[in-house]
Amino acid sequence: MSLCLVIDEMHPSLPELLEPLGVTLHYRPDLTAAEVPAALAAQPYDGLVVRSKLRITAALLAHGPHLRYVARAGAGVDNIDEEALAAAGVTLLNAPEGNRDAVGEYAVGLLLALFRNVARADHEVRSGSWRREANRGEEIGGKTIGLLGYGHMGRSFARRLSAFGCTVLAHDADPAVGGDGNAVLVPLQELRARAEVLSLHIPYSAANHNFVDAEFLAGFQHPLWVLNTARGEVLDHAALVSGLRSGQVRGAALDVLENEKLPQLSAEQQARFDFLRTAPNVVLSPHIGGWTHQSYQRINEVLAHKLGAFLRRTPRLS
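Parameters at a glance
Residues numbered from 1 in each chain as written. Predicted model: local features only at pLDDT ≥ 70, side-chain atom pairs only at ≥ 80, totals over all residues. Heavy atoms only, no water. UniProt positions renumbered as here; feature names shortened; annotations may be inferred. Buried < 20%, exposed > 50% of the residue type's maximum accessible area, 1.4 Å probe, protein only. Helix = DSSP H or I, 4+ residues; strand = E, 2+ residues; numbered from the N terminus. Pairing = 2+ DSSP bridges. Right-handed = clockwise from strand over helix to strand, strands pointing away. Expected span 1.5 Å × (residues − 1). Domains from an automatic or database assignment. Contact = heavy atoms within 4.5 Å. Salt bridge = Lys/Arg side-chain N within 4 Å of Asp/Glu carboxyl O. Phe/Tyr/Trp six-rings, centres within 6.5 Å; stacked < 30°, edge-to-face > 60°. Lys NZ or Arg CZ within 6 Å of the ring centre and 35° of its normal.

- In the nomenclature of an unreviewed UniProt entry, the protein chain corresponds to Phosphoglycerate dehydrogenase from the organism Hymenobacter persicinus.
- Listed in UniProt under the heading Sequence similarities (unreviewed entry), the comment for the protein chain reads: "Belongs to the D-isomer specific 2-hydroxyacid dehydrogenase family."

### Focus on the pairing of strand 7 (residues 167–171)
Stage number 1. In terms of burial, strand 7 is a largely internal element, four of the five residues being buried.
Stage number 2. Pairing analysis gives five bridges linking strand 6 (residues 144–148) to strand 7, with the strands arranged parallel. When the bridges of strand 7 are listed, Leu147 appears paired with Ala170.
Stage number 3. Read as a crossover between parallel neighbours, the route from strand 6 over helix 7 (residues 152–161) to strand 7 is right-handed.
Stage number 4. In the sheet, strand 7 pairs with strand 8 (residues 184–185) via two bridges, with the strands oriented parallel. By the bridge assignment, Leu169 is partnered in strand 8 with Val184.

### As for the environment of Arg68
Stage number 1. Among the secondary structure elements, Arg68 is positioned in the loop between helix 3 (58–61) and strand 4 (69–72).
Stage number 2. A residue is classified by how much of its surface remains accessible, and Arg68, at 16% relative accessible area, is buried.
Stage number 3. Remark: the alpha-carbon pair of Arg68 and Ala88, spanning 20 residues in sequence, is separated by 8.7 Å.

### Concerning the UniProt feature "domain: D-isomer specific 2-hydroxyacid dehydrogenase NAD-binding" (unreviewed entry) in the protein chain
Stage number 1. UniProt feature "domain: D-isomer specific 2-hydroxyacid dehydrogenase NAD-binding" (unreviewed entry): in the numbering of this structure it lies at residues 108–289.
Stage number 2. Here residues 108–289 runs as 34% helix and 16% strand, with 10 Å between its end C-alpha atoms.

### Structural notes on helix 5 (residues 96–115)
Stage number 1. The end-to-end C-alpha distance of helix 5, which contains 20 residues, comes to 28 Å, matching closely the 28 Å that a straight helix rising 1.5 Å per residue would cover.
Stage number 2. Just past helix 5, the residue Asn117 takes up positive phi, approximately 55°.

### Considerations on unusual backbone geometry
Stage number 1. With a phi close to 55°, Asn117 is a non-glycine residue in the positive phi region.
Stage number 2. Summarising the element assignment, Asn117 is placed in the loop between helix 5 and helix 6 (118–126).
Stage number 3. Its relative accessible area of 13% is what places Asn117 among the buried residues.
Stage number 4. One non-glycine residue, Asn210, lies in positive phi territory at about 50°.

### Structural notes on the domain arrangement of the protein chain
By a widely used convention, the size of an interface equals the accessible area lost when the partners come together.
Stage number 1. Entries for the protein chain in the domain assignment read domain 1 (2–94 + 294–313) and domain 2 (99–284).
Stage number 2. The centre of domain 1, based on its C-alpha atoms, is set 32 Å off from the matching centre of domain 2.
Stage number 3. Residue-level contacts link seven residues of domain 1 with six residues of domain 2.
Stage number 4. Joining domain 1 to domain 2, the criterion identifies one salt bridge.
Stage number 5. Put simply, Asp78 and Arg231 hold a salt bridge, and the shortest N to O gap is 3.1 Å.

### Things to note about the pattern of salt bridges
Stage number 1. Applying the stated criterion across every chain yields a total of 15 salt bridges.
Stage number 2. Between Asp180 and Arg155 there is a salt bridge, and its shortest N-O distance comes to 3.2 Å. Of this pair, Asp180 sits in the loop between strand 7 and strand 8 while Arg155 sits in helix 7; the two residues are 25 residues apart in sequence, bridging distant segments of the chain.
Stage number 3. Judged by its relative accessible area of 24%, Arg155 falls in the partly exposed class.
Stage number 4. Linking Glu190 and Arg194 is a salt bridge whose minimum nitrogen-to-oxygen distance equals 2.7 Å. Taken together, the residues span about one helical turn, with Glu190 and Arg194 both in helix 8 (residues 188–194) at a distance of four residues.
Stage number 5. Residue classification places Arg194 among the partly exposed residues on the basis of a relative accessible area of 36%.
Stage number 6. Within this structure, Asp101, Arg159 and Arg160 form a network of salt bridges that share partners.

### Focus on the packing of aromatic side chains
Stage number 1. Tallied over the full model, the rule gives five aromatic pairs.
Stage number 2. Here Phe211 and Phe216 contribute two aromatic rings whose centre-to-centre distance is 5.5 Å and whose plane-to-plane angle is 55°, an arrangement assigned as tilted.
Stage number 3. Among the residues examined, Phe211 registers a relative accessible area of 32% and is labelled partly exposed.
Stage number 4. Over the face of the ring belonging to Phe216 we find Arg192, whose NZ or CZ atom lies 4.8 Å from the ring centre.

Here it is as structure tokens:
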């Protein structure tokens, strides 16, 4: 048996998926981040299910001495201190398989919106302006698309791009990552030499903070379109704005930002955001790439599968 605390909103299918595994849920999405430590200490929970309500740190884990697993309902684990979990003997489970299809589809949508001026044209027509020539667009076919990161999300995007008649190159820092029939794995230098589009699919970590900066962008030999459906912090927004101003970056489609709490932007962040939100060659959306009705349920299914495997490997002794 497993006693599990759930502190974020989840698709209602979760209880029926976990009950056959012997998991008893205490569903408490009403808890604030400040209330979670006391709630965790109040019961001998061996499991914790989270989205992004709070950071999972060593200090928080100290309130849950019985914890054996933390399940992140989603792909990104940048709000979780993995070293602290390892030190406490707590297993981390996440579910990138649950929303990879949603992200792959959405990245295609962003690329089409960027190439075909969809947002700008829509706004103009609604305003009574009918400008065909000014909105003449680009085709994906024949382009060279570069993917930085070739995990679940990058592979999902590449699989969908395979129907467009474009060349897809990918680079991943993990030497264990293998290729497939949808993209050619290349060194970073080759990616920067050939790509006309850069799509970001790397996770956020301290090492990846502003990984795509001015120096990185300057290494591309072609003027570049930039897509980001990963994490805003992997992209130096000052460098992006500079590139857009100079024409080095032809356009950008951003589903994530450096600071997504828009009322809390610093003065510098606000200035960059004001430029991006008014630029005609920039498409913005509120971190919804993986956010579909289907992925909401599928994430539960993936977590249930992984949790079942974990509980079979490491049954609770008491």
